[in-house]
Amino acid sequence: MKMSQNTSDKDDQSPSNKKNISLPISRVRLIMKSSPDVSSINQDALFLTTKATELFVQHLAVSSFNNGSGKETNSLSYSDLANTAEETETFHFLTDILPKKILARDYLKSLEQMQEEEADY
């Protein structure tokens with residue numbers, strides 16, 4: 001069964017589909033179009049990508065909350081997200097995006113140590 005492009009556009013704009021997602025579809029479309037490999041985006045693919053992204057972010061947030069320190073205060077912090085990315089194999093690919101915070105003085109100390117080690121060689 002083949003549907004016309006106009007029909008699928010109308011289906012995606014229906015109130016029931018819009019209620020199923022929280023992320024703005026236009027933003028996801030913009031991000032997808034920023035890739036040079038993407039020439040056109042099917043409306044179904046756009047909806048599914050948006051929904052999958054939403055579910056992934058929700059899973060990351062719930063995992064971070066359950067493993068984090070915010071249960072007592074009912075809050076989620078950046079450090080909870082960074083710890084989950086570092087400690088959970090499923091989220092390990094996010095360690096570059098969610099690095100643990102480091103104080104400037106600690107970074108400068110480690111930079112000095114690295115420079116001293118290089119000078120020794």
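Here the structure is a predicted model, which means the values were calculated and not measured.

Draft legend 1. Structural view of the overall build of the protein chain. Summing up its helical and strand segments, the protein chain has six helices and zero strands in all. The secondary structure elements of the protein chain, listed N-terminal to C-terminal, are α-α-α-α-α-α. Within the span of the protein chain, comprising 121 residues, buried residues form 19% of the whole. Nonlocal contacts in the protein chain, meaning residues at least 24 apart in sequence, comprise 35% of its contacts between residues at least 6 apart. Here the protein chain has roughly 9600 Å² of accessible surface; of this, 54% comes from carbon and sulfur atoms.

Draft legend 2. Region of interest: the packing of helix α3 (residues 25-33) against helix α4 (residues 43-67). It is at 10 Å that the axes of α3 and α4 come closest, and there the two elements cross at 105°. Relative to α4, α3 is oriented roughly perpendicular. Here I25, V28, R29 and M32 of α3 come into contact with α4, specifically with Q43, L46, T49 and T50. Across the contact of α3 with α4, the residue classes break down as four nonpolar, three polar and one charged.

Thresholds, definitions, all that
Residues numbered from 1 in each chain as written. Predicted model: local features only at pLDDT ≥ 70, side-chain atom pairs only at ≥ 80, totals over all residues. Heavy atoms only, no water. Helix = DSSP H or I, 4+ residues; strand = E, 2+ residues; numbered from the N terminus. Buried < 20%, exposed > 50% of the residue type's maximum accessible area, 1.4 Å probe, protein only. Contact = heavy atoms within 4.5 Å. Areas by Shrake-Rupley, 256 points an atom, 1.4 Å probe, with all protein chains shown as cover. Axes fitted to C-alpha atoms, helices over the stretch in contact; angles between N-to-C directions. Parallel < 35°, antiparallel > 145°, perpendicular 65-115°, else oblique. Nonpolar A, V, L, I, M, F, W, Y, C, P; charged D, E, K, R; others polar.

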